[in-house]
Amino acid sequence: MYRTHNCGALRASDINTEVTLSGWVSKHRDKGFMIWVDLRDRYGITQLIFDADRTEKAVFEAAKNLGREFVVQVTGKVIERASKNPNIPTGDIEILVESLTVLNESSVPPFTIEDETDGGEDIRMKYRYLDIRRNPVKNNLLFRHKVAQEVRNYLSAQDFCEVETPYLISSTPEGARDFVVPSRMNPGEFYALPQSPQTFKQLLMVGGMDRYFQIVKCFRDEDLRADRQPEFTQIDCEMAFVEQEDVMDTFEGLTKHLLKSVHGIEVDKFPRMTFEEAMRKYGNDKPDIRFGMEFGELNEVAQHKDFGVFNSAELVVGIAVPGAATYTRKEIDALIEWVKRPQVGASGMVYCKCEANGTFKSSVDKFYDQEDLKKWAEATGAKEGDLILVLSGPANKTRAQLSALRMELGNRMGLRKPNEFAPLWVIDFPLFEWDEESERYFAMHHPFTSPKKEDFALLDTDPGKVRANAYDMVLNGNEIGGGSIRIHDKATQEMMFKHLGFTKEEAEKQFGFLMNAFQYGAPPHGGLAFGLDRLVSILGGQETIRDFIAFPKNNSGRDVMIDAPATITPEQLKELHISVNQE
C-alpha cells in the first residue's frame, strides 16, 4: 500500500495515528539536527519532520539527500505541530517519519513549482506536466471537471441522452477552415475533423432521439488568440419538437444551475436584446452589461457646424465615462493614442468634459458652443463629472472601435468584476451577411438555421433583411453559446443553399444525406452549443481559456511539449499517397 491517506486529509483528530503517505517533495529545510519536508500531492500538503533524536539514523541521513520533486513514500506517526500553519488544512499536524522510501528521484525542475512561479509561459507550456502540479493550474482543471459533471447531471435529469458522433467526416467549405486527414484506404480522398457535430445531431433528431447532448471535441484551422484554440470542447445539444423559447428556457436553466452549484449565485430571468439593439447600444453582438457607457448617437447634434470630420462621417457616436472629467490632458492623450493603435484603427478622438459647475470643456470648443455640448451630454447620458469620448467614421467600423474603447475603460476602471455575472440573450440576428470581396451572402450562423417565419417572404426579394431564428447566450461580454431553430424540410433547405451560392449539384454532393433524411419525417428541432472552455474560464473569473485546458496549444497552434505538428516519414507519405515537393 503506497498510502493510507492523501496529503490533504490529516487533521488534529488524527494525532497518534500511524499513517503512510506518498507524494512529491515540495520544500526541504535542513537545520542540521532537524529536517522538515513539505510533501505534496493533488489533495494538499503535509509537513514531515525528521528529528536526529527521534528518527532512525539511516532514515535521517536519507532525508538529507532529498531534492525538490523527488517522489517519496513515508510511514510515521501523526503528531501535533509545534508551529502551526493556519493557511493550510493540515497546518495543525505533522508526521514524525519512521521510514522513508524514495520511489523516484527528480532532476532540478526548470521553474519553481509554487503558486507564484518564476517560469514564463513558454517554459511552463513546454513542461506542462510540471505546471499541472502547481495549485493554480491543478485547481483550474478540477474546476473544469466540476462544471462538466454539473452539466452532465443537469442535462441527464432533463431527459437528454449523451450520444457520440463521428470525428472523421467529410469536408465542407462553409465556416472556418477544416483540418483534413488523408485516407490510406481511399487514395486521394480525405476526411475532415468536425468543426461541430451539427448535421449529426440533426440526424439524431430525425432518428427520434428527441433530446441529445455531447461534451465533444471540435476542430477549426483558424488564427488563434487568448480565447481560441485549434481544438476546443463544446457542450453540444439538440431538441425535437421545440420552438425558440423552449430551447432558451432549457439553457437558461442550465446556466442558472451552474452559477448556483459552482458559485452559490442566484440569477433571475435573463434579459433579451436584439442584435440591432446590441450593435446600436454597445457596438458588438456580445455586450458586457455589468456596466453602463451605452452609446449615444450624435449625428443630429454634431453635424450642423463647420467641423468637417463629423460632417463627412457616416456615424458620430460617443460614450459618457463616469467620473472621468478629472482626467488630465496626459491621461486623455493616452486614450487617444490607444484608439489609434492598429488593433483598434481610429484616426483620432474628440472629448468633452462635463464640469462640476454645469459647464462643458471640449477639444472642439471653436466649433461647438455650450448649448451644443449640452445636447451631447443628453444624447450620451452624461452627468456632471463625466467625460464624453466621441469617435466618427464608417458606421460599422466606428461602432467596433468605440466598443473596444468601452471594454478597455471597463477593465481600467475595475467595472468588469470577475465575481459578478451578467447573462444575456442576443436574438434576431440577420440570417445572412454580405461579403464584399466575394460578392455573395454567407450564413451568419450556419446554413441550417431557419429564418423567422414572418421574414420568410423576404428570402427571394430582400435576403439581407431576413432575420434568423437564432440566439446567442452572452456572459460578461463573451459569447458562451449559440444556437438556432433548424430548417427541417428539404424545400427550405434547398432555398437556403441557393441563396448561399451553392449549385444544386454542390448542395447535393455535400449535404444530400441531410436533405434525403428530411424526406422521412424530420421533426421541428433546434439546439444550442456552449463553448465549454470559454464557459469554464468565465465561471472561473478569467477570460483566457488556455489556463483551463490540460495541454493547450500556443498562439502558433503548436504543442511545444510534444513538438506538434511535425513532419512524417517519406514511407508514411507514400502509404497515404501524398507527394511533397522537397524543393
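Keep in mind that what you see is a predicted model, and the values were worked out from it rather than measured.

## Digging into the overall build of the chain
Piece 1. A tally of regular secondary structure across the chain gives 17 helices and 22 strands.
Piece 2. Seen through its principal axes, the chain has C-alpha atoms that stretch 90 × 75 × 60 Å.
Piece 3. Each of the 583 residues in the chain was classed as buried or not, and the buried ones make up 48%.
Piece 4. The contacts in the chain between residues at least 6 apart in sequence include a share of 66% that link residues at least 24 apart.
Piece 5. When the accessible surface of the chain is totalled, it reaches about 28900 Å², and 49% of it is carbon and sulfur.
Piece 6. Taken as two groups, the 71 positive and 91 negative side-chain charges of the chain have centres that lie 3 Å from each other.

## Overview of the environment of Met-349
Piece 1. Along the chain, Met-349 turns up in the loop between helix H10 (329–339) and strand S14 (350–354).
Piece 2. Spatially, the C-alpha atoms of Met-349 and Glu-543 are 28 Å apart, while their sequence positions differ by 194 residues.
Piece 3. Excluding anything up to four places from it in sequence, Met-349 contacts Leu-335, Ile-336, Val-339, Leu-389, Val-390, Leu-391 and Leu-405.

## As for the packing of aromatic side chains
Piece 1. On inspection of all chains with the given rule, the structure shows 20 aromatic pairs.
Piece 2. Plain terms: the ring middles of Phe-497 and Phe-502 are 5.2 Å apart, the flat faces sit at 55 degrees to each other, and that makes the pair tilted.
Piece 3. Using a relative accessible area of 1% as the deciding quantity, one classes Phe-497 as buried.
Piece 4. For Phe-502, a relative accessible area of 11% puts it in the buried group.
Piece 5. Judged by centre distance (5.0 Å) and plane angle (10 degrees), the rings of Phe-497 and Phe-511 are stacked. Taken together, the residues Phe-497 in helix H14 (residues 490–499) and Phe-511 in helix H15 (residues 504–518) connect sequence positions 14 residues apart.
Piece 6. Ring-pair connections join several aromatic residues into one group, and the members of that group are Phe-307, Phe-310, Phe-367, Tyr-368 and Trp-376.
Piece 7. Positioned over the ring face of Phe-291 is Arg-406, at 4.1 Å from the centre of the ring.

## Things to note about the UniProt feature "binding site: ATP" (unreviewed entry) in the chain
Piece 1. Per the UniProt record, "binding site: ATP" (unreviewed entry) is found at Arg-220, Asp-221, Glu-222, Gln-229, Glu-479, Gly-531, Leu-532, Asp-533 and Arg-534.
Piece 2. Classification of Leu-532 by relative accessible area gives buried; the value is 2%.
Piece 3. Excluding anything up to four places from it in sequence, Leu-532 contacts Arg-144, Val-147, Ile-215, Thr-233, Gln-234 and Ile-235.
Piece 4. Note on placement: Arg-534 falls in helix H16 (residues 532–539).
Piece 5. Taking the relative accessible area as the measure of exposure, Arg-534 reaches 22% and is therefore partly exposed.

## Some words on the sheet that holds strand S16 (residues 387–393)
Piece 1. Strand order in the open sheet formed by five strands is S12-S13-S16-S14-S15, with antiparallel pairing between adjacent strands. The two strands at the open ends of the sheet, each matched to only one other strand, are strand S12 (296–297) and strand S15 (360–362).
Piece 2. Contacts from helix H12 (residues 395–412) reach S12, strand S13 (315–321) and S16 within the one sheet, and its direction differs from that of S13 by about 10 degrees.

## Quick look at the domain arrangement of the chain
How large an interface is tends to be reported as the accessible area lost when its parts come together.
Piece 1. Each assigned domain of the chain is listed here: domain 1 (12–104), domain 2 (122–235 + 249–272 + 419–424 + 529–582) and domain 3 (291–413).
Piece 2. The gap between the C-alpha centroids of domain 2 and domain 3 is 40 Å.

## Focus: the packing of helix H4 (residues 135–157) against H16
Piece 1. For the pair H4 and H16, interaxial distance at closest approach is 10 Å and the crossing angle is 115 degrees. Comparing their axes, H16 and H4 come out roughly perpendicular. Seen from above, H4 lies across H16 with right-handed handedness. Contact residues: Phe-143, Arg-144 and Val-147 in H4; Leu-532, Asp-533, Val-536 and Leu-539 in H16.
Piece 2. For the contact of H4 with H16, a count of residues per class yields five nonpolar, no polar and two charged.

## What about the pattern of salt bridges?
Piece 1. If you walk through the whole model with that rule in mind, you get 42 salt bridges.
Piece 2. One network of salt bridges, with partners in common, ties together Asp-428, Lys-452, Glu-454, Asp-455 and Arg-467.

## A short note on the environment of Phe-497
Piece 1. Note: C-alpha distance between Phe-497 and Phe-448 (49 residues apart in sequence) is 9.0 Å.
Piece 2. Discounting residues that sit within four places of it in the chain, Phe-497 has contacts with Pro-447, Phe-448, Phe-502, Ala-507, Phe-511 and Met-515.

## Remarks on the pairing of S14
Piece 1. Burial of S14 is extensive: five of the five residues sit out of reach of the surface.
Piece 2. Burial along S14 is two-sided: Val-350, Cys-352 and Cys-354 and Tyr-351 and Lys-353, pointing in opposite directions, are all buried.
Piece 3. By the bridge criterion, four bridges tie S14 to S16 in an arrangement that is antiparallel. Residue pairing in the sheet places Tyr-351 in a bridge with Leu-389 of S16.
Piece 4. Here S14 hands over to S15 after five residues, with Gly-358 in that stretch at a positive phi of 90 degrees.

Cut-offs used in this document
Residues numbered from 1 in each chain as written. Predicted model: local features only at pLDDT ≥ 70, side-chain atom pairs only at ≥ 80, totals over all residues. Heavy atoms only, no water. Helix = DSSP H or I, 4+ residues; strand = E, 2+ residues; numbered from the N terminus. Buried < 20%, exposed > 50% of the residue type's maximum accessible area, 1.4 Å probe, protein only. Contact = heavy atoms within 4.5 Å. Areas by Shrake-Rupley, 256 points an atom, 1.4 Å probe, with all protein chains shown as cover. Lys, Arg positive; Asp, Glu negative; His and termini not counted. Charge placed at Lys NZ, Arg CZ, Asp CG, Glu CD. Phe/Tyr/Trp six-rings, centres within 6.5 Å; stacked < 30°, edge-to-face > 60°. Lys NZ or Arg CZ within 6 Å of the ring centre and 35° of its normal. UniProt positions renumbered as here; feature names shortened; annotations may be inferred. Pairing = 2+ DSSP bridges. Axes fitted to C-alpha atoms, helices over the stretch in contact; angles between N-to-C directions. Domains from an automatic or database assignment. Parallel < 35°, antiparallel > 145°, perpendicular 65-115°, else oblique. Left-handed = near helix turned anticlockwise from the far one by under 90°. Nonpolar A, V, L, I, M, F, W, Y, C, P; charged D, E, K, R; others polar. Salt bridge = Lys/Arg side-chain N within 4 Å of Asp/Glu carboxyl O.

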